[in-house]
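Architecture and fold: a report
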Amino acid sequence: MTELFTVYTPPAAWARFRSHFTPHVRSERIAVRDALDRILAASLTSPQDLPEFPRSTVDGYAVSAVDTFGATPGLPALLTVVGEVPMGQAAALEIGVGEAALVHTGGMIPPGADAVVMIENTQRAGPNSIEVMAPVSEGQSVIQIGEDIRRGSPVLTAGRKLRAQDIGGLLALGITEVAAAVRPRVGIISTGDEVVAPDQPVLPGQVRDINSYTLAALTARAGGQAVRYGIIPDDRPALEAAAGRAFAECDIIVFSAGSSVSYRDMTADVISELGAPGVLVHGVSVKPGKPTILAVCDGKPVFGLPGNPVSAMVIFDLFITPTIVALLGTSAPPQQQVRARLARNIASDSGREDYIQVRLEHRDGEQWAVPVLGKSNLIYTLVNAEGTIKIDLDSNGIKAGEWVTVILF
C-alpha cells in the first residue's frame, strides 16, 4: 500500500460512499406483540372504524341532551330510568323522551341517547327515576363511531419505529401481524496480534478486546444484528478467511483496527478483494478517526475503523449508524442535545472536524460542558463523558465560555 492517502471531509466521504451504495430494504412478517422498536416496512390503513359503536367516557346515565336543558340543583330534570346497559354487550333498549339508562365507562350508548350525565350530577328520585342537576350538551361524555380512527384512514407509514402505543393501536384494530424491516446483520471483525478476549489475563504488550463489544452494542442500538467473528491475528490468510465468511453471511462488514496506512495493515487490500468497486475512501478529515475506510463491494457496505475505541465509536456514529438506518428504510431519530457553556479553550485545525467528549456540570444556574480530554485509545474518556461536541471544519477552535451544543450519548 502507498504511504499516502487522500483525505475526504466527512460530507464528501459520505457522498462518495452513497454514490455507490443503494440500500434495499428486506421485510419479514412478525407478530405485533413482538414488534417493539422494529421498523415498519409497509404502510397500514385501518380495517375498521374505532370505536365501532358510541361509547361512554364516564359512569352515568345515557340521555337525550335536550331533556336536560335548564336543569339546576334547585330545579332538576326528572327522568325515568328504563334499564342498564351491561358492559361488553350491545344495548338492548332504546331511549325515548324523558328517559335515561345507566351506563358505565366504555359501555355502549343505546339508540335514542346522544349524551351521558355523570352519575355525580344525578340523584335518585325513586326506584325508577333520577333527578339531573346539571345540563349536558349533545355528544358530551360520548366517544362517537370512528372518532379515534376511520376505516380506510392511514394508521402508520413505512419507516416508522414502532413504540408501545403503536402496538396498542394496531392490536385495537385487530392487526396482529405486520411487515417489518429485517434487521441488517453487521459482521464485526476484530484484528490484531495484541488483542485478547476480555475474560483472559493480559500479558505485557497485550490489550483486551473492547471494540467488538462496543461496536456490537452500537449496532443493536441502531437497529441491526451484530455478528462477532472473534479476534483475527495479523495474518493475511486468516483475515481473508474471516472477511469471506462475514461477507457471505452479513449485510454490512466492519473491520476493527487495521485501517492505518502501515506495512502491517492489510485491511484495505483484503476489502478490495471482496468485490468492486472496493475501497472508496481511505482517510477522513476528522479527529479522532482519520484513517477510516469506506468501501462498497458488489453492492455491500464495508468499513475499516481505527483500533482506538474513541475513534471507532465516533466513526461508527458518523457512517455505520446511517448505513444501518438506510437498510431499515427509515430515518435516524433526532439526537438528544443540550446547550452548555464550554469550560475551557479547545483548539482545532481548520479543515478538520473534531469531536470532543464532555461531561456536564451546573455552575451558578448555568450548564457547563467540561472537556474530558485524553488520547483516542483511552476508553474511559468515553465512560466519564455524557456527550460530545463537534468543532466544525472551518473553525480554529472554541473559546471558554462560548455556548456549544452537546450531543448526548
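As a reminder, the structure under discussion sits directly above these lines.
These remarks concern the structure in this document. Small disclaimer: the values here were computed from a predicted structure and weren't measured.

1. What about the overall build of the chain?
- Assigned secondary structure in the chain consists of seven helices and 28 strands.
- Whereas a compact globule of 409 residues would reach a radius of gyration of roughly 22 Å, the chain reaches 32 Å, over 25% beyond that.
- Considering the chain as a whole, with its 409 residues, one finds that 46% of them fall into the buried category.
- Contacts spanning at least 24 positions in sequence make up 71% of the contacts within the chain whose residues lie at least 6 apart.
- Total accessible area on the chain is roughly 19900 Å²; 52% of this is exposed by carbon and sulfur atoms.
- When the 33 positive and 43 negative side-chain charges of the chain are each reduced to one mean point, those points stand 8 Å apart.

2. Here's the deal with the nonpolar core
- Residues L215, V254, F303, L305 and I324 are the most contacted members of the largest nonpolar core, which totals 35 residues.
- Secondary-structure elements contributing two or more residues to this core are α1 (10-18), β13 (185-191), α3 (211-222), β17 (252-256), β18 (277-282), β20 (293-297), β21 (300-305) and α6 (309-328).
- Looking at which element gives the most residues to this core, the answer is α6, with eleven residues.
- Discounting chain neighbours no more than four positions away, the residues touching F303 are F17, I252, I253, V254, F255, I293, L294, F319, I320 and T323.
- I232, C250, V270 and A295 belong to the second-largest nonpolar core, a separate cluster that totals 21 residues.

3. What to know about the packing of α3 against α6
- Running from N to C, α3 and α6 point in directions that differ by 30°, and their axes come no closer than 9 Å. Where α3 crosses over α6, the handedness of that crossing is right-handed. Packed against α3, whose contacting residues are N211, T214, L215, L218, T219, R221 and A222, the element α6 presents P309, A312, M313, F316, D317, T321, I324 and L328 at the interface.
- Of the residues contributing to the contact of α3 with α6, the split by class is nine nonpolar, four polar and two charged.

4. Focus: the pairing of β13
- Among the seven residues in β13, six count as buried, and that is most of the element.
- Pairing geometry for β13 and strand β16 (residues 225-232), over six bridges, is parallel. For S190, the partnering residue across the bridge sits in β16 and is I231.
- Bridge count for β13 against β17 is five bridges, and the pairing is parallel.

Each value, and the rule that gives it
Residues numbered from 1 in each chain as written. Predicted model: local features only at pLDDT ≥ 70, side-chain atom pairs only at ≥ 80, totals over all residues. Heavy atoms only, no water. Helix = DSSP H or I, 4+ residues; strand = E, 2+ residues; numbered from the N terminus. Rg over C-alpha atoms; globule rule 2.2 N^0.38 Å. Buried < 20%, exposed > 50% of the residue type's maximum accessible area, 1.4 Å probe, protein only. Contact = heavy atoms within 4.5 Å. Areas by Shrake-Rupley, 256 points an atom, 1.4 Å probe, with all protein chains shown as cover. Lys, Arg positive; Asp, Glu negative; His and termini not counted. Charge placed at Lys NZ, Arg CZ, Asp CG, Glu CD. Core = buried A, V, L, I, M, F, W, Y, C linked by side-chain atoms within 4.5 Å. Axes fitted to C-alpha atoms, helices over the stretch in contact; angles between N-to-C directions. Left-handed = near helix turned anticlockwise from the far one by under 90°. Nonpolar A, V, L, I, M, F, W, Y, C, P; charged D, E, K, R; others polar. Pairing = 2+ DSSP bridges.

These figures come from the coordinates and say nothing about function on their own.
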